[in-house]
Amino acid sequence: MATEREARDLAVLLTPDGNLAPSWLKGKSVTPLHVGERLDATQAARLTAGARAIGATHLLYAPLGEEDPAVTTRETPADAATRPHTIIWTPDRQGAVLFPAPGYALLAGTEPFMATAVPEGTDEARARFTRYARKRAAIRPELLAVAGKYSPAHTAWSHPADVAPNTAAGHQLQLLRDFTNGAVPAPDFAHIWWQARRASRSNGERLRGPLAELFDRVFMLLEDYEVDPQLAEPTDLSATELHAAVTEAYRRIVPTARTI
């Protein structure tokens, strides 16, 4: 039987008809995930990773649709018995997965939770679900409605000209221009790039094609650069080497990439 606290959690997380409560979703993001008849290891791994990221040591589980649902705690979020209609959540209610019916589940949570549970970004996860829903439309037409409700907020940009300047990715592009032109020193470039990259992922911005290749290249170069010279290893890039490599990557992509 549900304890008073667990019953209170369910009242916060869900509406009376068993959907995720809009009041709980404020300040959180949500994405549908493709699921079969039961939650599998892939969804379990997502939920476990998100829980660990926020310091949760266990999860709460409740089968729904009963007048007084039983609630149990468990270290792993899914097993052969985890079938719809079910909800699993972290004790502090930062993250949850609602499994309302075969075919899909809804994963939702705060930014720290979702950043680890959905490392590809919410928009990319939504785009993947949309492709899945289209493939399964003949068998499960209801998935198209779910995909339509949770469509990506951003298109996937493939060329610098596609990116809106008021986005985090637009900030990264301006930073690249300033750095390659010598207007920003390497340490400042590194600090600001990582901040903008985190903001871009948090916003659900998606990249593909030449632009994704450019940003991936900059990411790898910055992994080999140490901002503090006293901590730099002999194999790390110097500020001059970083500037030369980033400039080469930038000049290679920008003049030749075409809008897709």
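Calculation rules
Residues numbered from 1 in each chain as written. Predicted model: local features only at pLDDT ≥ 70, side-chain atom pairs only at ≥ 80, totals over all residues. Heavy atoms only, no water. Phe/Tyr/Trp six-rings, centres within 6.5 Å; stacked < 30°, edge-to-face > 60°. Helix = DSSP H or I, 4+ residues; strand = E, 2+ residues; numbered from the N terminus. Buried < 20%, exposed > 50% of the residue type's maximum accessible area, 1.4 Å probe, protein only. pLDDT = per-residue confidence, 0-100. Contact = heavy atoms within 4.5 Å.

A.B. asks: Before we go on, may I ask you to explain the packing of aromatic side chains in this structure?
C.D. replies: For any pair of aromatic rings, the description consists of the separation of the ring centres together with the inter-plane angle of the planes. Tallied over the full model, the rule gives five aromatic pairs. Ring centres 5.7 Å apart and planes at 40° place the aromatic pair F189 and W193 in the tilted group. A residue pair is termed a helical-turn pair when its members lie 3 or 4 positions apart in one helix, as F189 and W193 do in helix α8 (residues 186-203) at four residues. One exposure class covers both F189 and W193, and it is buried. Note on W194 and F219: the rings are 5.6 Å apart at their centroids and 85° apart in plane angle, and the pair reads as edge-to-face. Of the two residues, W194 sits in helix α8 while F219 sits in helix α9 (residues 209-223), which places them 25 residues apart along the sequence. Given a relative accessible area of 27%, F219 falls into the partly exposed group. Taken together, F179, F189, W193 and F215 form an aromatic cluster joined through their ring pairs.

A.B. asks: What's the story with unusual backbone geometry in this structure? I'm lost.
C.D. replies: Across the chain, the bulk of peptide bonds are trans and the bulk of non-glycine residues have phi less than zero. At the junction of P84 and H85, the peptide bond is cis and its omega measures out at -5° in the coordinates. You can see H85 is positioned in the loop between β3 (72-74) and β4 (86-89). The residue R93 is not glycine, and still its phi comes out positive at about 65°. Secondary-structure assignment places R93 in the loop between β4 and β5 (95-101). Overall, the relative accessible area of 27% leaves R93 in the partly exposed class.

A.B. asks: Looking at this model, I keep getting lost on the confidence of the model for the protein. Mind explaining?
C.D. replies: Parts of the prediction with low pLDDT should not have their coordinates interpreted in detail. For the protein, per-residue confidence averages 87 on the pLDDT scale, and residues scoring 70 or more make up 90% of the total. For residues 256-260, every residue scores under 50 in pLDDT, and the model assigns this stretch eight contacts once sequence neighbours within four places are set aside.

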